[in-house]
Amino acid sequence: MDMTSCSRKIPPSLFRWLENCLQHGSSVANIDDLPSLICKDGSPVVSWARKIVSFYSLLSGAKRIGKKLSTGVYCNIAMGSHCTHEELTVLAMVGENFGLQQLDSLPSGVSLPLRHALDKCRESPPSDWPAAAYVLLGREDLALSCLACSRKSRELETQTNVNLISMSTPYMLHLHPVTIPSAVSDTIGLESTKFEDTDSVDGSMTDGMEHIFNSSTQLRYGRDLRLNEVRRLLCSTRPVAIQTAVNPSASDQDLQQAQLWNLAQRTTALPFGRGAFTLATIYTLLTEAFTVPKLVLAGRLPAQQNATVNLDPNLRNIQEIKSWPEFHNAVAAGLRLAPLQGKMSRTWIIYNKPEEPSAVHAGLLLALGLHGYLRVLNLTDIYQYYQQEHESTTAGIMLGLAASYRGTMQPGISKSLYLHIPSRHPSSFPELELPTLLQSAALMSVGILYEGSAHPQTMQILLGEIGRRSGGDNVLEREGYAVSAGFSLGLVALGRGGDTLGCIDSMVDRLFHYIGGKEARNERSFLTLLTEEQNRGTAQMMDGTSVNVDVTAPGATIALALMFLKTESEAIMSKLSIPNTRFDLQYVRPDFIMLRVIARNLIMWSRIHPSKDWIQSQIPEIIQHGVKGLRDDSGDIDDMDAEAFVQAYVNIVAGACISLGLRFAGTKNGNAQELLYEYAVYFLNEIKPVSATSGNTFPKGLSHYIDRGTLEICLHLIVLSLSVIMAGSGHLQTFRLLRFLRSRNSADGHANYGIQMAVSLAIGFLFLGGGMRTFSTSNSSVAALLITLYPRLPTGPNDNRCHLQAFRHLYVLATEARWIQTVDVDTGLPVYAPLEVTTRETELYAETSFCEVTPCLLPERAVLKTIRVCGPRYWSQVIDLCPEDKPWWTFRDKNSPFNSGVLYIKRKVGACSYVDDPVGCQSLLSRAMHKVFGLTSSTAFDPCISSGSGPGSITVDQLVSTFSSDPSLIAFAQLCCDPSWNSRSDVDFQEFCLQVLFECVSKDRPALLQVYLSLYTTIASMADQVTSGTVVLSDSIFISSLKLALTYTEALLSGRLTTSRGGIVQSKFIGSLRKRVDELLNFSPGLKDDFCNYLNSGKWPIMESEREKGAILLSWYLQWFGVPAPFVIKTAAERIKPKLMSSSLTPFLRLLFPSTHINAIGGIDKFLSC
């Protein structure tokens, strides 16, 4: 049948097009149903209609043709990736600035498909969308993360904010970054950081650690008192307690001085640990003066009402004792500074410069340099510091400058450093007498400045310095100078030993000669180099014709270790052999054996394995058999051999443990931690039995053949390596061990300064940066850690002979801020959240996924693959990373995916935070809501049930505010608790409101509250109008909206629209609405007569006041049941009646008018049959 003539007269209908688009797709929907004005670009009159048509078109699969869609309408689409029609629709809504406020203004049925698209994309939207798109989805967590990244480009800020405003309703969006109550706001305040009350008795405000307690650390440790204990252990501003008799005698006073001296050794070592503990934890303005907490060496007598006891100046030179500890104390205070307010100011540094040089300002300079702040100084400032000729200031400024210009080879800095190496001065240069300490500091600074450059001339110079006699005759100072030169050479050629460098072979031969190698591969070239050095008039460290390996071997070994770091060079490793004969054991010093073990393992990096078998494989068989036979009665081993075996054994084990510490630095590797802890307890029991040992797997009785000092040093090196592995974790078992060692040492009186320094550093490493930092295993980080862990501990506070104590602070160069905390986007507070962390496959383990709870430390960037916010309480969020062998992202790095350690997350409605509900019992929302709402009874309930009946009573608004922070839900819940609400007579509506509130809260769809209430009240008003006759609704737009809601439900059932969470509106509710409308229209009195008159005459009922109700009902009927125009019906009837074989027209009418309801078809059939 040709219906073209009739179709031309059917007016356009936007609602009919939207229905057909949902039912059959945009390609099937009749384009003639769209007004032609909609297809014109830039027409503001129908702007909303054009946008709705374009959204429905994209949702139904329309194609993009330039700026137009295949349906003929224009559409602006925001930038971003998309894989589904729903994602493309969301981008179109963003591109058209169609936000939540506009969505709420649409009829409920029209908005449902668009809300469906938002709901489907909400779970896991693409990561490259604009912030406005995330706001539209209700994912303010992703929006703020995106906004924080874009704000790093300041020019984008205004545009971003304007777009976000258009996307959000006024109550939905925070337009400012969430203020994290961390160290910025939780510190005591700018006034308190001045430490004016420096004479405070308790020192609670002056110990340099008062700022460590903030919301982040509180969240991580909760009620755990570990940080309080660390603060107590590292505090140096209070007199220490001395246990003596109540009535002391003269001998007791001597005992007090002896105890106080031993405790002073520990106090002067505390700044090392405090610097690590408070590293980069204070955020302060540059308008403040730099202050340092006091270093108190006095004691107090608890038995005598805490009377203060000072060190006797007649017995000890107190000022000399405190000179370098004051330096370290200032370094610790300076290391607290963290980058927050931008670049360090040169004016601030000069402002804090004292009139007279002091160790305090020298420590500040080193700390600022380690943070990279000394770049603001010009050469004039630098040489003014040199001009002071102050030893600690010169050392601090040199090391600080080298750290700030690390790896840059800056010429001006290089010249200033070489000025402090007299052996490099030209012959015409005036002779300078510089302390060996400064020369060692200058050599190390050169290495840091030229790190990784493999600069040939610098390498040749440093190679010569290893074997050169320094200005003094002290052998230990000569060894320290050679070690500094060795570290420097290793830093310059860091990991470059395997490169094809022209002079590398001759350098390696010469280094092995310094170690004491039996032969060199290229003796001729070596002798040539040696002759050249001698011709320059410089002295080599030789006794007769041989090199003094006691001086040169440590530096040469370290140089080879760093030059061939991670190169897996079998040739170099085999030459650094471990003594495997009795003669070799007598020939090589035991501490040199430890260095060789470390060097071999650093070269063969990939072979380091955290197992007891691996450590045993480091020990030659002759040593293993010799140690096992110590308890035998056969007497085959004499005491000299036994001592050599034990010395070698403990040094090899300690070297292997240090290697493990460097290999797994900052990884919290469980196997490595258990292994090193086991060896630490073993060594501790060998010194003095303190706990039961497991079996006979370790040799016993080592203390009979070795001095206690060596065992103590090896024990503390192992413990220090253990803390390097567990850096920043606050591992409880390790902390208990460290606390025991600290108390044991002070009680037994066997602790010298070096051992106390190791314990202090270990505690600081374990809580590095307050638990917010950890170590890296990059080449430069391993080198910095090796300098810090160098196994020659000082004997006193001023002992800088073998290894400059300032070098122990270089661990800062190995740290990374891999801390991440999750912030609730609605409250702005840090919260717990489970993360699933995936690491890539390595040589030690396959691809691994494990769970962490924020705040936490993440793995290194080289292995980190994916981070996902998991768990049922927060919206999922996935961050995919490409594992790269690069350092962790720096503060405010534009490419950082973590926004400087902050990950914004959004809590799902219906779930409590892990702080409020640790085990999840309160998140049983259904049980709690039904209990409160009284939904088991439809006739008797009180939304403010038990409002004052007991301690466990709770109201609806209280419960909703517990589970949701959405303002609309909370406001509606408060309305339900209003006394005027309970006085309403329509109990069914009250119960429906509570059910809808429960639905929106439990399914986290707060926007549907308006949709449910709009649809319900519309039907209620329609029923009132039908039954009472009072005109409430005077048009039929709501009918078209209801039909679109029905069409949306049918599209879900047919599969045209898909979702993993089900329809956003319950299909049963939509079905009940449909049934109710059918009932109202089918059984309305007088409607059938008006319908027949309309079909007969095609005229509308007379719009008189008494007939207005009938006209409105008829319009509803025609719109709801999809009745065609009368002339269309008559034309169709005239053409089919001659061919009619039966009395019923229903089957034919059903075929001709498929969109017309069967009830209306029956009415038409009856009319035509009359």
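Summarised in this report is the structure supplied together with it. (Residues numbered from 1 in each chain as written. Predicted model: local features only at pLDDT ≥ 70, side-chain atom pairs only at ≥ 80, totals over all residues. Heavy atoms only, no water.)

**Re the overall build of the protein**
In plain terms, the rule: A helix here means a DSSP run of H or I that spans at least four residues, while a strand means a run of E at least two residues long, and both kinds are numbered starting from the N terminus. Summary of the burial criterion: residues with accessible area below 20% of their type's maximum are buried, those above 50% are exposed, and those between are partly exposed, where the area comes from a 1.4 Å probe applied to protein chains only. Note on contacts: a residue pair is in contact if any heavy atoms of the two residues lie within 4.5 Å. Computed by Shrake-Rupley with a 1.4 Å probe, the accessible areas treat only the displayed protein chains as cover when residues are assessed.
Regarding its fold elements, the protein presents 49 helices and 17 strands. A buried classification covers 57% of the 1170 residues belonging to the protein. Relative to all contacts within the protein whose residues are 6 or more apart in sequence, the contacts with residues 24 or more apart total 74%. Split by element, the accessible area of the protein, about 48,500 Å² in all, is 52% carbon and sulfur.

**Regarding the pattern of salt bridges**
Basically, it comes down to this: For this analysis, a salt bridge means a side-chain nitrogen from Lys or Arg found within 4 Å of a carboxyl oxygen belonging to Asp or Glu.
With the rule as written, the count across this model stands at 37 salt bridges. D799 is the salt-bridge partner of R801, the closest N and O atoms lying 3.0 Å from each other. Note that R1076 is salt-bridged to E1079, the shortest N-O span being 3.7 Å. Within this pair, R1076 and its partner E1079 are both found in helix α44 (residues 1067-1082), separated by three residues, close to a single helical turn. A single network of salt bridges, built from pairs that share partners, joins E479, D550, R589, D591 and R792.

**Focus on the packing of aromatic side chains**
Between two aromatic rings, the relevant description is the distance of the centres plus the angle of the planes. What counts, and what does not: In summary, the pairing rule links any two rings of Phe, Tyr or Trp, Trp by its six-membered ring, whose centres are within 6.5 Å, and it sorts them by plane angle into stacked for under 30 degrees, edge-to-face for over 60 and tilted for everything else.
The full count for this structure, using the stated rule, is 27 aromatic pairs. For the ring pair F487 and Y790, a centre distance of 5.7 Å and an interplane angle of 75° mean the geometry is edge-to-face. Taken as a pair, F487 in helix α22 (residues 475-492) and Y790 in the loop between α36 (779-789) and β9 (815-816) lie far apart in primary sequence, 303 residues in all. Side by side, F487 and Y790 carry an identical accessibility label, which is buried. Centre to centre, the rings of W888 and F898 are 5.6 Å apart; their planes meet at 5°, and the pair counts as stacked. Linking W888 in the loop between β16 (877-880) and β17 (902-905) with F898 in the loop between β16 and β17, this pair joins segments that are 10 residues apart in sequence. Accessibility expressed as a relative area gives 9% for W888, which makes it buried. Residue F898 is classed as buried on the basis of its relative accessible area of 2%.

**Concerning the sheet that holds strand β4 (residues 299-301)**
To keep things clear, this is the line we draw: When DSSP locates at least two bridges between a pair of strands, those strands are taken to pair.
If you trace the three strands from one edge of the open sheet to the other, you get β3-β4-β5, paired in mixed fashion. Two strands close off the open sheet at either side, each with one partner strand: β3 (240-241) and β5 (307-309).

**Brief notes about the sheet that holds strand β12 (residues 833-839)**
Formally: Lines fitted to C-alpha atoms define the axes here, with helix axes fitted over just the stretch in contact, and angles between the N-to-C directions of these axes take values from 0 to 180 degrees.
Judged by pairing direction, the sheet is antiparallel, and its four strands sit side by side in the order β13-β12-β15-β16 without closing on themselves. The open sheet has two free edges, formed respectively by β13 (848-854) and β16, since each of these has just one partner strand. Each neighbouring strand pair of the sheet contributes to a mean axis angle of 20°, computed without reference to strand direction. Pairing of strand β15 (residues 864-869) with β16, which is carried by four bridges, proceeds in the antiparallel orientation. The partner of R868 across the bridge, within β16, is V878.

**Overview of the packing of helix α14 (residues 318-335) against helix α16 (residues 359-370)**
Applicable threshold: By definition in this entry, angles of less than 35 degrees are roughly parallel, angles greater than 145 are roughly antiparallel, angles of 65 to 115 are roughly perpendicular, and the rest are oblique. By convention the crossing between two helices is left-handed if the near helix lies anticlockwise of the far one by an angle smaller than a right angle, and right-handed if it lies clockwise. In this count, Pro and Cys sit with the nonpolar residues alongside Ala, Val, Leu, Ile, Met, Phe, Trp and Tyr, while Asp, Glu, Lys and Arg are called charged and the others, Gly among them, polar.
Following both chains from N to C, one finds α14 and α16 inclined at 40°, their axes separated by 7 Å at the closest point. One finds that α14 runs oblique with respect to α16. Judged by the sense of rotation from one axis to the other, the crossing of α14 with α16 is right-handed. Taken together, the residues of α16 that come into contact with α14 (itself represented by S323, E326, F327, A330, V331, G334 and L335) are A359, V360, A362, G363, L364, L366, A367 and L370. Here the contact of α14 with α16 is composed, by residue class, of 11 nonpolar, three polar and one charged.

**Section: helix α18 (residues 391-404)**
Inclusion rule: In this analysis, the expected span of each helix is defined as 1.5 Å times one less than the number of residues it contains.
Taking 1.5 Å of rise per residue, 14 residues should cover 20 Å, and α18 covers 20 Å from first to last C-alpha, within 8% of that figure. Most of α18 sits out of view: 13 of its 14 residues are buried.

**Topic: the environment of S358**
Locating S358 in the fold gives a position in the loop between α15 (346-351) and α16. Residues S358 and E326, spaced 32 residues apart in sequence, show a C-alpha to C-alpha distance of 9.1 Å. Leaving out residues up to four positions away in the same chain, S358 has contacts with H390, S392 and T393.

**Looking at the side chain of E229**
The condition is simple: Polar contact criterion, stated in full: a pair of N or O atoms within 3.5 Å, where within protein one must be able to donate a hydrogen and the other to accept it, and residues adjacent in sequence count only if both atoms are side-chain atoms.
Mapped onto the elements, E229 comes out in helix α12 (residues 226-234). Of note is the side chain of E229, whose polar atom sits 2.5 Å from the side chain of R232.

**Overview of the side chain of D119**
Tracing the backbone shows D119 in helix α6 (residues 108-122). Polar side-chain contacts of D119 include one of 3.0 Å to the side chain of R1005. When neighbours within four sequence positions are excluded, D119 is seen to be in contact with R1005, R1061 and I1064.

**Section: unusual backbone geometry**
Cis geometry marks the peptide bond from T854 to P855, where omega comes out at 0°. When you line up the elements, P855 lands in the loop between β13 and β14 (856-857). Positive phi, normally seen in glycine, also occurs at N97, with a value near 55°. Tracing the backbone shows N97 in the loop between α4 (85-95) and α5 (100-105). A relative accessible area of 39% places N97 in the partly exposed class. Despite not being glycine, M409 has its phi angle at roughly 55°, a positive value.

**Some points on the packing of helix α2 (residues 14-24) against helix α43 (residues 1037-1054)**
Where α2 meets α43, the axes come as close as 9 Å, and the angle between the chain directions of the two elements is 5°. Considering the angle they form, α2 stands roughly parallel to α43. When α2 is examined against α43, the residues F15, L18, E19, L22 and Q23 are found in contact with a partner set consisting of I1037, S1040, S1041, K1043, L1044, T1047, Y1048, E1050 and A1051. Split into classes, the residues belonging to the contact of α2 with α43 amount to seven nonpolar, four polar and three charged.

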